[in-house]
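Listed below are the residues making up each chain.
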Amino acid sequence: MQKKRWRTVVIVRKVLTFAIAAIALVALLYVHVVFPASEVTKLPDKLPTQHESSYQRLRRERSWTQEHAPPHLAKAPLAARKSDVASRNGSLDKLWKPPPNRDYVPCVAPSPIYTSPPESRGYLLVHTNGGLNQMRAGICDMVAVAHIINATLVIPELDKRSLWQDSSNFSDVFDEDHFISSLENDVKVVKKLPEEVASATKAVKHFRSWSGVDYYEEEIARLWDEYLIIRAAKSDSRLANNNLPPDIQKLRCRACYQALRFAPKIEAMGKMLVDRMRSYGPYIALHLRFEKDMLAFSGCTHDLSPEEAEELKTIRENTTWWKVKEIDPVEQRTKGYCPLTPREVGVFLSALGFPSNTPIYIAAGEIYGGDSHMSDLLSRYPLLMNKEKLASVEELEPFINHSSQLAALDYIVSVESDIFIPSYSGNMARAVEGHRRFLGHRKTISPDRRTLVRIIDKIDQGRMKEGKNLSNRIIEIHRRRQGSPRKRKGPIAGTKGTDRFRSEEAFYVNPLPDCLCQKVSSYTNNSHSIR
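Every value quoted in this text rests on a predicted model; they were computed, and no experiment measured them.

**Here we look at the packing of helix H14 (residues 342-352) against helix H15 (residues 371-380)**
Consideration 1: Direction vectors running N to C along H14 and H15 enclose 20°, while the axes themselves pass 7 Å from each other. By the angle between their directions, the pair H14 and H15 is classed as roughly parallel. Between H14 and H15 lies a crossing whose hand is left-handed. Contact residues: Pro 342, Arg 343, Val 345, Gly 346, Val 347 and Ser 350 in H14; His 373, Met 374, Asp 376, Leu 377 and Arg 380 in H15.
Consideration 2: In the contact of H14 with H15, the residues fall into five nonpolar, three polar and three charged.

Right, here's the structure in full:
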């Protein structure tokens, strides 16, 4: 009897051992499953090692960008991720829900009284200035100016002398042929001056900032009496935000949101980055403007070391076109004039209720200080992505050393994101917000920086704690800062002169009411109306 029992035990042990081994083998095989090519794009397993480009050095130095593999290399099956998203509670679903659009749709078609350009009186040369989004706005304004003064617009020259030192031409960044054909009923556009007039004397003019139609029709158009070519020395903010004819405002929108498309290679790369980001599910695009040029320009030094603060001060003092040299960093931050630090952004996102597994795309250049300033945000939100993590070195190589082209990639991923959050209201933040409004008021959360820094200072002083009470307060503060439809803000009361124009909400930040119309009920006779 004992021998039979012993044999039974031995047999059971062997069966259990075999079962455990089989389970382990199945698990080992499972983690080596190769997904079909139709579902993901496989990157090369090996990168070239013959030489290290400047971009590769940048990736090595910015080690926070190397923490996670791209989503198309290692991730849970899509069905599992969808199931996980579906299981989220109602409050999390509410976080991702876009604001009510209230039936606003783009309405940029010319009115019946709009006329196509008659015979051109001369050529308008444009030298754009600033970074990508400052140049974008300037180009669109110059399209409208060319129409007003009845000029043939020569493809604008991009800024190659600014801080970014980008050698890109117009056709490197934008789809030149599409730009020309899209505007054929508005402005005649040529790629270059005809040879027979190229040597003619040019009237070089600094157009007055925030000018109306009368200024261009009377003062600038008068130059045609003596010159065949007018050269605009700068392009930014040369057209008023408000009080322009409706057809001119609609033309600005057609130029910005229809004609000024990025070059095909940029559009293709941007779409690929969006697709790879979407493989994680809904994502936030965070415009983290904690970059050397921004901090140096604004004089913001919070959370920086004395050495870093001194480096930024030296940059500001040596940059001749930055007029303000002496800046009080504490006062700047208290007034809300500084970009949020990565740590402050982390506190903000946590208070809003975003869980730690939220996918976040960092739309920015090199974060100043790298790991030393990214560690807190990374500890809260490990799933931080950017261009360098979503694409291989080979895929990004054509864009390296071209800041405008790299910024264009960030622009595309930001416009297409489920939620866009800028840490500072700079040119890109404003341009993306306006584009998202035009496309249906996609959710854009604009941090109240002045209030947030006061709250975070109280946390640091031990006078406040992170938790439910803080979360409720921050959520309430930002309830009306999520990109819902509203008319463009006018000037601040009491301001005069250029300060009055400067205080207005820029046209391209919010194209309502000029370029967005509210659909009315079917029982009315009109097709569109504006409330």
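Following the structure, the description resumes.
**Details of the state of the cysteines**
Consideration 1: Within this structure, the stated rule accounts for three disulfides.
Consideration 2: With its sulfur 1.9 Å from that of its partner, Cys 107 forms a disulfide with Cys 517. Judged by the sign of its S-S torsion, about 80°, the bond between Cys 107 and Cys 517 is right-handed. Highlighted residues: Cys 107 in the loop between strand S1 (104-106) and strand S2 (123-126) and Cys 517 in strand S11 (residues 516-519), separated in sequence by 410 residues.

**Here we look at the layout of surface pockets**
Consideration 1: A volume near 650 Å³ is recorded for the second largest pocket.
Consideration 2: Along the walls of the second largest pocket sit 19 residues, with Lys 94, Lys 443, Ile 475, Arg 479 and Gln 482 positioned nearest its centre.
Consideration 3: Elements with a contribution of two residues or more to the lining of the second largest pocket: helix H4 (90-96) and helix H21 (468-477).
Consideration 4: Element by element, the count of residues in the lining of the second largest pocket is highest for H4, at four residues.

The rules behind each value
- Residues numbered from 1 in each chain as written.
- Predicted model: local features only at pLDDT ≥ 70, side-chain atom pairs only at ≥ 80, totals over all residues.
- Heavy atoms only, no water.
- Axes fitted to C-alpha atoms, helices over the stretch in contact; angles between N-to-C directions.
- Helix = DSSP H or I, 4+ residues; strand = E, 2+ residues; numbered from the N terminus.
- Parallel < 35°, antiparallel > 145°, perpendicular 65-115°, else oblique.
- Left-handed = near helix turned anticlockwise from the far one by under 90°.
- Contact = heavy atoms within 4.5 Å.
- Nonpolar A, V, L, I, M, F, W, Y, C, P; charged D, E, K, R; others polar.
- Disulfide = S-S within 2.5 Å.
- 1 Å grid on protein atoms, 1.4 Å probe; cavity = no way out; pocket = protein on both sides within 12 Å on 5 of 7 lines; lining within 4 Å.
- Points joined across faces, edges and corners; volume = space filled by probe spheres on them.

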